[in-house]
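# A closer look at the structure
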Amino acid sequence: SLSGGGAENQLRILTSVSHQHGLTSAIFCVNTDRHQIQTNQVRLFQSAKRNKYNFSVFSSLSRAIEEFHPHVLHAWLPASLTMPGMLLAALRRIPAVFSYRSAMHFHRPLTLPEFACAALCSSQVVSNNPIENSHWLYRWLYRIKQGVEIPNAVHVEPQFLKPHPGPSDSTPTPYTILFAGRLVPEKNWRCLLQAINLIRSQRDVRLLVCGEGPERDQLASLVDELRLNTQVRLMGFRSDLHALMQQADVFVLPSWFEGMPNALLEALAIGLPAIVSDIPSHRRIVKQ
């Protein structure tokens, strides 16, 4: 889809500026609903079926390539789209760029065939995070494809910058903690709820949870179990995340692992203090 998460945000930023540099872009995806592509310079092509696991993707993508005539094909995600994309690019002799969108490991059923497609069909690799975080086979592929590391970009409108970044003694109650991200196991949201449960007797706190994901129901159940309904608000997907960051007191991201955490970059760009887990991707950003 073209709505929601960090990858979609990166795509929006790329397409919004690419035409300024003489590039004409088109996007092929399964679902264009709620898209945030804000320039008429970008063409949108949609798969015939709104299901990323279907063979009609090949014919839909082939028609899009025939109509658009790209000079380069960027295999973005997910694997069910990157594989047909790279295969069709190879058949049509179009250079294909394969993206490392996080630390890459063989942890999903389609990861191995996607890796094989990238090894056989891609012309170059781009990684948004340090290559040493990935499996050695991905490091090998990065080397032989002359890989390039390009960290994620963020864009924040000036009106959302916090006038006085950092906590102070005059911070009003309740103290507002913000979490933003997909509700998946790697975000370690259970730890965050347990932490709120520990400190609520010491300070009046509010936790705003922004995001959707497969573990939303489990999160809501744990909120009920810990009786945190007064302290925790499930906000769902928010298009006004930067405004919420401006009003919050601190951003918290307790992830077990991250590739390039967009929400953290946006929070720091706004001037919102952040508390993050001690993992390589977070250490890299904090050191910078």
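This is a predicted model, so every value here is computed, not measured.

Scanning the protein from N- to C-terminus turns up 10 helices and 11 strands. Computed over C-alpha atoms, the radius of gyration of the protein comes to 21 Å, within 12% of the 19 Å expected from 2.2 N^0.38 for 288 residues, which places it in the range of a compact globule. For the protein, the C-alpha atoms occupy an extent of roughly 65 × 40 × 35 Å along the three principal directions. Counting all 288 residues of the protein, 47% fall into the buried class. Carbon together with sulfur atoms contributes 54% to the accessible area of the protein, which is approximately 15600 Å² in total. Both charge centroids of the protein, one from 28 positive and one from 21 negative side chains, sit 5 Å from each other.

Two elements in contact, helix H2 (residues 56–68) and helix H3 (residues 79–91), have axes whose closest approach is 10 Å; the angle formed by their N-to-C orientations is 50°. If you check the angle between H2 and H3, you find them oblique. Our pair here, H2 against H3, has a crossing hand that is right-handed. Contacts between H2 and H3 involve Val57, Phe58, Leu61, Ser62 and Ile65 from the former and Ser80, Leu81, Pro84, Gly85, Leu87 and Leu88 from the latter. Taken together, the residues of the contact of H2 with H3 break down into eight nonpolar, three polar and no charged.

This part covers the nonpolar core. In this structure, Ile177, Leu178, Leu193, Leu207, Met245 and Phe251 are the most contacted members of the largest nonpolar core, which totals 39 residues. Of all the secondary-structure elements, those providing two or more residues to this core are strand S7 (175–180), helix H6 (189–199), strand S8 (205–210), helix H7 (216–225), strand S9 (232–236), helix H8 (241–247), strand S10 (250–253) and helix H9 (262–270). Setting aside chain neighbours within four positions, we find Ile177 in contact with Ile196, Ile199, Val205, Arg206, Leu207, Leu208, Val250 and Val252. Core analysis: the next-biggest nonpolar cluster, separate from the first, contains 28 residues, Leu61, Ile94, Ala96 and Tyr138 among them.

A few words on the pairing of strand S1 (residues 25–29). Extensive coverage of S1 is indicated by the burial of four of its five residues. One ladder, built from five bridges, connects S1 with strand S2 (residues 42–46); its direction is parallel. Bridged to Ser25 within S2 is Val42.

The next thing to look at is the environment of Gln218. Turning to its location among the elements, Gln218 is positioned in helix H7. In this structure Gln218 comes out as partly exposed when scored by relative accessible area, which is 33%. Through-space distance from the C-alpha of Gln218 to that of Leu183 is 9.4 Å; in sequence the pair is 35 residues apart. When residues no more than four places from it in sequence are discounted, the contact partners of Gln218 are Trp189 and Arg190.

Here we come to unusual backbone geometry. Across the chain, the bulk of peptide bonds are trans and the bulk of non-glycine residues have phi less than zero. The omega angle of the peptide bond from Leu77 to Pro78 is 0°, so this bond is cis rather than trans. The residue Asn188 is not glycine, and still its phi comes out positive at about 60°. Along the chain, the position of Asn188 falls in the loop between S7 and H6. The buried category is assigned to Asn188, whose relative accessible area is 11%.

Calculation notes
- By convention here, each chain's residues receive numbers from 1 onward along its written sequence.
- Per-residue local features of the predicted model are confined to residues with pLDDT of at least 70, and side-chain atom pairs are confined, for both listing and counting, to 80 or more; whole-chain, interface and lining totals are unaffected and use all residues.
- Think of the side-chain values as coming from all heavy atoms in the structure, minus any hydrogens and water.
- Only DSSP runs of H or I reaching four residues or more are called helices, and only runs of E reaching two or more are called strands; each is numbered from the N terminus.
- Radius of gyration: C-alpha atoms only; globule rule: 2.2 Å multiplied by the number of residues to the exponent 0.38.
- Here the term buried applies to any residue with accessible area under 20% of the maximum for its type, exposed to any over 50%, and partly exposed to those in between, with areas from a 1.4 Å probe on protein chains only.
- Using a 1.4 Å probe, accessible areas were evaluated by the Shrake-Rupley method; residue-level cover was limited to the displayed protein chains.
- Here Asp and Glu are counted as negative and Lys and Arg as positive; His is not counted, and neither are the chain ends.
- Taken as the charge centre is NZ of Lys, CZ of Arg, CG of Asp or CD of Glu, depending on the residue.
- Angular values range over 0 to 180 degrees, each being the angle between N-to-C directions of two axes fitted as lines to C-alpha atoms, with helices fitted over their stretch in contact.
- Note on angle classes: values under 35 degrees are labelled roughly parallel, values over 145 roughly antiparallel, values of 65 to 115 roughly perpendicular, and the remainder oblique.
- The hand of a helix crossing depends on one turn: near helix anticlockwise from the far one by less than a right angle means left-handed, and clockwise means right-handed.
- Only heavy atoms enter the contact rule, under which two residues are in contact if any of them lie within 4.5 Å.
- Lys, Arg, Asp and Glu make up the charged group, whereas Ala, Val, Leu, Ile, Met, Phe, Trp, Tyr, Cys and Pro make up the nonpolar group; the residues left over, Gly among them, are polar.
- Buried residues of nine kinds, namely Ala, Val, Leu, Ile, Met, Phe, Trp, Tyr and Cys, make up a nonpolar core once their side-chain atoms join them within 4.5 Å.
- Paired strands, as defined in this entry, are two strands with at least two bridges between them according to DSSP.

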